[in-house]
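Residue strings, one per chain:
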Amino acid sequence: MLKDEARRGYWCECWTEDLTYDGELTLRASFDAYTAPQADRWVAVALRTISPAFDPEASEQAWQWLYDGRIETRRALLRSEPCTVSVTFFTTRITWTIRPVIFLPLAHRQGTQLPVCAYDFKPLHDGHQR
């Protein structure tokens, strides 16, 4: 595959939702995967990592997907269907989404001026941007 060609893959995101107040959704992480196994592995690693902190019900939801649901997720991804995995832990719902996408190559920007708005965001000393 040439560097300038479009490439099929999967866009993966992890969102949390507070179930007690306004239901605000917060994006926690995103990941670009180039194969179905890589995409579902991203969710599996996250679930295995955080499941020890879950209550018994949330832990059961996580392990049920890891043992049974993961196979169906992989099959759906291979059919180019989007997938969602959710676990509810007390008052928080954690949802991973995986969508088939086509990654487009980025244009080469060397020697090109950035738009004025690119300079509006300055890094703070703690590494965050304003």
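Residues numbered from 1 in each chain as written. Predicted model: local features only at pLDDT ≥ 70, side-chain atom pairs only at ≥ 80, totals over all residues. Heavy atoms only, no water.

Observations concerning the overall build of the protein
In terms of helices and strands, the protein carries two helices and four strands. The 130 residues of the protein split such that 27% are buried. If you take every contact in the protein between residues at least 6 apart in sequence, the share linking residues at least 24 apart comes to 56%. For the protein, the exposed surface amounts to about 9,400 Å²; the carbon and sulfur share of it is 56%. (Helix = DSSP H or I, 4+ residues; strand = E, 2+ residues; numbered from the N terminus. Buried < 20%, exposed > 50% of the residue type's maximum accessible area, 1.4 Å probe, protein only. Contact = heavy atoms within 4.5 Å. Areas by Shrake-Rupley, 256 points an atom, 1.4 Å probe, with all protein chains shown as cover.)

Quick word on the nonpolar core
In this structure, Tyr10, Val43, Leu47 and Trp96 are the most contacted members of the largest nonpolar core, which totals 23 residues. For this core, the secondary-structure elements that each account for two or more residues are β1 (7-18), α1 (36-50), α2 (56-78), β3 (83-89) and β4 (92-103). If near-sequence neighbours (up to four positions away) are discounted, Val43 is found in contact with Trp65, Val85, Trp96 and Ile98. (Core = buried A, V, L, I, M, F, W, Y, C linked by side-chain atoms within 4.5 Å.)

Describing the pattern of salt bridges
Applying the stated criterion across every chain, the model contains seven salt bridges. Residues joined by salt bridges that share partners form a network here, namely Glu72, Arg75, Arg79 and Glu81. (Salt bridge = Lys/Arg side-chain N within 4 Å of Asp/Glu carboxyl O.)

Topic: α1
For an α-helix, the turn length of 3.6 residues means that residues three or four places apart are oriented alike. If you check α1, its first and last C-alpha atoms are 22 Å apart, about what 15 residues at 1.5 Å a residue would give, namely 21 Å. For α1, every residue scored as buried is listed here: Ala36, Ala39, Asp40, Trp42, Val43, Ala44 and Leu47. Each element contacted by the buried residues of α1 is listed here: β1, β2 (25-33), α2, β3 and β4. Where α1 begins, the capping side chain belongs to Thr35, and its oxygen is found 3.1 Å from the backbone nitrogen of Gln38. (Expected span 1.5 Å × (residues − 1). Polar contact = N/O pair within 3.5 Å; in protein donor to acceptor, adjacent residues only side chain to side chain.)

Here's the deal with α2
The terminal C-alpha atoms of α2, which comprises 23 residues, lie 32 Å apart, in line with the 33 Å expected from a rise of 1.5 Å per residue. Residues of α2 that are buried: Ala58, Ser59, Ala62, Trp65, Leu66, Arg70, Thr73, Ala76 and Leu77. The inward-facing, buried residues of α2 abut β1, α1, β3 and β4. Looking one or two residues past α2, Ser80 carries a phi angle of roughly 60°, positive in sign.

Focus: the packing of α1 against α2
For the pair α1 and α2, interaxial distance at closest approach is 9 Å and the crossing angle is 165°. One way to sum up the angle between α1 and α2 is to call them roughly antiparallel. Remark: the crossing between α1 and α2 carries right-handed chirality. Side by side, α1 and α2 meet where Ala36, Pro37, Ala39, Asp40, Arg41, Val43, Ala44, Leu47 and Arg48 of the first sit next to Ala62, Trp63, Trp65, Leu66, Arg70, Thr73, Arg74, Leu77 and Leu78 of the second. Residue composition of the contact of α1 with α2, grouped by class: twelve nonpolar, one polar and five charged. (Axes fitted to C-alpha atoms, helices over the stretch in contact; angles between N-to-C directions. Parallel < 35°, antiparallel > 145°, perpendicular 65-115°, else oblique. Left-handed = near helix turned anticlockwise from the far one by under 90°. Nonpolar A, V, L, I, M, F, W, Y, C, P; charged D, E, K, R; others polar.)

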